[in-house]
Amino acid sequence: MGHGTRLRARLGSRSIAAMALLLAVVAMAIAAGTDGTGIDLPGTQPSDGSGHPDYPPFRDGADPGTLDNPGNCANCHGDYRDAGQKIYEPFDSWAGSLMANAGRDPLFWAALDVANQDDVDRLGDLGVGDLCLRCHAPKGWLEGRSHCNTPWGTQFDGSCLEGTQDTPDNDFEGIQCHFCHRQYDASQPPPGEFLDPLAPYDENGQVFLTTDRREMRGPYSDAAPPPRHTAALSELHRAGAFCGQCHNVTNPALNRVDPDTGADLGYLMPIERTFDEWRQSEFGRPASPDFTSCQRCHMPPADVDGDGTTDDAWACSQKPALRGENTAAEGPIFTHFFRGGGSWMIEVLDGEFGAALGRSASYAAAREQSLRLLQQETADVALATPTTAPAGSEITATVTVTNRSGHKLPTGYPEGRRLFLHVQAGVDSDADGTLDPAEVSFESGAWDPATGVLAADPQLKIYEIEVGVWDYNGTGQCDLVDDATGRKMFHFVLNNCVVSDNRIPPKGFTPSDETAPVGMTYPANPDIPGALAHWDETPYSIAVPSGSSGNLLVRSRLMYQTTTNEYVEFLEAENRSTCDPFDVGCDPTQVDPRPNRGEKMRALWDSYGRSAPVVVGEALSSVPITGPAAVAGEASPQGGAPLLSTGWDDLLGEVQVSYEPACDATDHNLYWGDLAEVSSYAWSAVKCAVGVSGQTTFAPGSGSVFYVVVGNASGKEGSYGTDSSGAQRPEMVDAPDCEWPQDLAATCP
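The shown structure was predicted, so the numbers you read here are calculated from the model rather than taken from an experiment.

Chemist: Report on the packing of helix α10 (residues 343–357) against helix α13 (residues 597–607), specifying residues and quantitative values.
Modeler: It is at 11 Å that the axes of α10 and α13 come closest, and there the two elements cross at 100 degrees. Taken together, the axes of α10 and α13 lie roughly perpendicular to each other. Residue-level inspection shows Trp344, Met345, Val348 and Glu352 of α10 in contact with α13, the latter providing Met601, Leu604 and Trp605. Looking at the contact of α10 with α13 residue by residue, the classes come out as six nonpolar, no polar and one charged.

Chemist: Go over α10 with me, naming the residues and quoting the values.
Modeler: For α10, the principal kink sits at glycine 351 and spans about 50 degrees. Regarding α10, the residues found buried are Ser343, Trp344, Met345, Ile346, Val348, Leu349, Phe353, Gly354 and Leu357. In the stretch just after α10, glycine 358 is the one whose phi turns positive, near 70 degrees.

Chemist: Got a sec to walk through the state of the cysteines? Specific residues and values, please.
Modeler: Within this structure, the stated rule accounts for four disulfides. What pairs with cysteine 148 in a disulfide is cysteine 160, and their sulfur atoms sit 1.9 Å apart. With a gap of 12 residues between them, cysteine 148 in strand β5 (residues 148–150) and cysteine 160 in the loop between β6 (153–155) and α6 (177–181) connect regions that are remote in the sequence. For the residue pair cysteine 148 and cysteine 160, the accessibility class agrees, reading buried in each case. The disulfide bridge from cysteine 579 ends at cysteine 586, spanning 2.0 Å between sulfur atoms. The chirality of the disulfide connecting cysteine 579 with cysteine 586 is right-handed, given an S-S dihedral of about 85 degrees.

Chemist: I'd love a proper account of the environment of threonine 411, names of residues and values included.
Modeler: By secondary structure assignment, the location of threonine 411 is in the loop between β15 (394–403) and β16 (418–427). Beyond its immediate chain neighbours, meaning those up to four positions away, threonine 411 contacts Thr274, Glu277, Arg417 and Arg503. A distance of 2.8 Å separates polar atoms of two side chains, one belonging to threonine 411 and the other to threonine 274. Separated by 2.7 Å, the side chains of threonine 411 and glutamate 277 make a polar contact.

Chemist: Describe in detail the packing of aromatic side chains, supporting the description with residues and values.
Modeler: Per the counting criterion, the structure on display carries 22 aromatic pairs. An angle of 45 degrees between the planes, with centres 5.5 Å apart, marks the rings of phenylalanine 91 and tryptophan 94 as tilted. Of the two residues, phenylalanine 91 and tryptophan 94 both sit in helix α2 (residues 90–95), three residues apart, roughly one turn of that helix. Here phenylalanine 91 and tryptophan 94 have matching classes, each one buried. One aromatic cluster is present, formed by Tyr671, Tyr681, Trp683, Phe706 and Tyr720 through successive ring pairs. Between arginine 323 and the ring centre of tyrosine 220, over which it is positioned, the NZ or CZ distance is 4.3 Å.

Chemist: Talk me through the pattern of salt bridges; I want residue IDs and the actual numbers.
Modeler: Within this structure, the stated rule accounts for 45 salt bridges. As a salt-bridge pair, aspartate 276 and arginine 279 come within 2.4 Å of each other at their nearest N and O atoms. Of the two residues, aspartate 276 and arginine 279 both sit in helix α8 (residues 274–279), three residues apart, roughly one turn of that helix. Judged by its relative accessible area of 9%, aspartate 276 falls in the buried class. Ionic contacts of the salt-bridge type, sharing partners, join the residues Asp202, Glu203, Arg273, Asp276, Arg279 and Glu514 into one network.

Parameters at a glance
- Residues numbered from 1 in each chain as written.
- Predicted model: local features only at pLDDT ≥ 70, side-chain atom pairs only at ≥ 80, totals over all residues.
- Heavy atoms only, no water.
- Axes fitted to C-alpha atoms, helices over the stretch in contact; angles between N-to-C directions.
- Helix = DSSP H or I, 4+ residues; strand = E, 2+ residues; numbered from the N terminus.
- Parallel < 35°, antiparallel > 145°, perpendicular 65-115°, else oblique.
- Contact = heavy atoms within 4.5 Å.
- Nonpolar A, V, L, I, M, F, W, Y, C, P; charged D, E, K, R; others polar.
- Bend = angle between axes of the 7 residues up to and from the residue.
- Buried < 20%, exposed > 50% of the residue type's maximum accessible area, 1.4 Å probe, protein only.
- Disulfide = S-S within 2.5 Å.
- Polar contact = N/O pair within 3.5 Å; in protein donor to acceptor, adjacent residues only side chain to side chain.
- Phe/Tyr/Trp six-rings, centres within 6.5 Å; stacked < 30°, edge-to-face > 60°.
- Lys NZ or Arg CZ within 6 Å of the ring centre and 35° of its normal.
- Salt bridge = Lys/Arg side-chain N within 4 Å of Asp/Glu carboxyl O.

Structure representation (structure tokens):
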């Protein structure tokens, strides 16, 4: 396997203001590690002794520690379901998850290269890549292979990891079975293990692993272990804090600064706060009726027959006892899909590695589970529209998105993730109740599958967090775009300010300074004192086509996208590596025609549908189109008596008309026709005897019309007015109720 590099070219003379290297923050230390890295954090340290000396090195008893390969666990914990049953076994559900593939994720490797470059350029070469590998390749990190010395320097790009991405049972297996089930709460350690009263740490993968490699820790007190290992109850494995160890991420090198002034806010820059968002919601409060663990949502109970309900199931191929909601043994069996928003990346992983690893079925099941979570359990979308839509008018449609998840929507890693509203409207011309592409006359939030670009429009609504680098361009502000390239920036290890965060809060959210919305004010929740609303309303102004009839269809869809065009462009453009360190013979000091990781990520993004957005929820409204919107003004300017449209009664569907009575008239009739036939004056209807008051109303029905008021007396009617050439407009003949012979001989004084 070739070696990569963190190239040491600089980015001109730009500087990061208010950059702080904190010597100690609680128990978080930033000091030179024995391996030359500048970041050392609490938790079990690498077995080679390269970690922080105040914390225990990884050990199996008295020997350097190793993690069992997942294949060893598969012998008992995989492939024992009956024919026709859905995947639910721990190994088989884990194998297709993003946890199992954290070391194969091509987006991670592309981002890691840029992070390593930024570290060298701006942070003083602290070795931030080591922190990233601690979470994405814990086997390699704990066994001392997260860094290596090469002719071109110490590398933190994965060059020293064992194995290849297309083979199992190696460092690329990501968050492995043995890694999770050896973890313990160091504030209440098992006998003989390290005591740390500040544990468990709720960020940055600062976990503790037992020295007893055979004791598997989990959520059941009655587990009957096989001969290969013992079993022990771990309350930590039942708690959200277990997930929080990795699902809060903090930049240990930079403090957050005010986006307007650059003032230091006094705490380290939060990169991800999914665990805190949950903890600050109703779902994270034990006293709340909504309390539920992270595991309950992201590790759904076994559903072996696929009917959507929890089933009793086995935890092991030896089938010691059924576990379920109503069995003698504790339960239920929680699957290891670790479902979330990453359905697109699972599709990529399946296409690249599924066949080689023999895990296509697991990938498909994991993707199905993630889509189910996204589309059925994440958000509600409602649409409010008027009762009628007058042709030629503008109506207001309001979309309400309600967050049903246990954290912000969206949450997680902030770069490239977003939700947006796709709203379309148009006349249902074929009356089939569906909005066909040819019928769309209004659209906001259009995403182009051919380019992956989300079109900008004045009413576009995106839910996202935008983080930047203070004074990157020398502007004295929080910069989101690199002025030198015009590209949006995603330097996540350099980000130290938040420009906006309008992500929808979870139910009962009472934020801290770190998690509060930015540039967006959510109202108070009237049902939960002190909490923010967990919904958002967005109004849209929609034009109703003139001359239309029938029904106006309005459709709103909430779309989730994990990897945007802007993010992929950035990773491709910013990566200065000459090749991918995983490619055999890659020498970063030499020109290499092969693509680097950023270029590979771009190619994968194009090949797998450009991370097409997933429809999270949608609503459709059908609004009857009524007569033309009333606009006061002269309706028949060519000759005849002055005629004005003065109003519109939306309830009755009536136009209000004002006219000057014709001379010598004792009554008047009002004639009208379809506006499309105005050139031929094809009259289609009449309202008889509207009087001489100068005021009347009529109901034209759907669509747009033209009309005139004609005086009559002594059984005869007068002129219909003249057209633009001065010629008399033709009279209506065969009027069903009040046909009058026309007499044009008389003249008005």
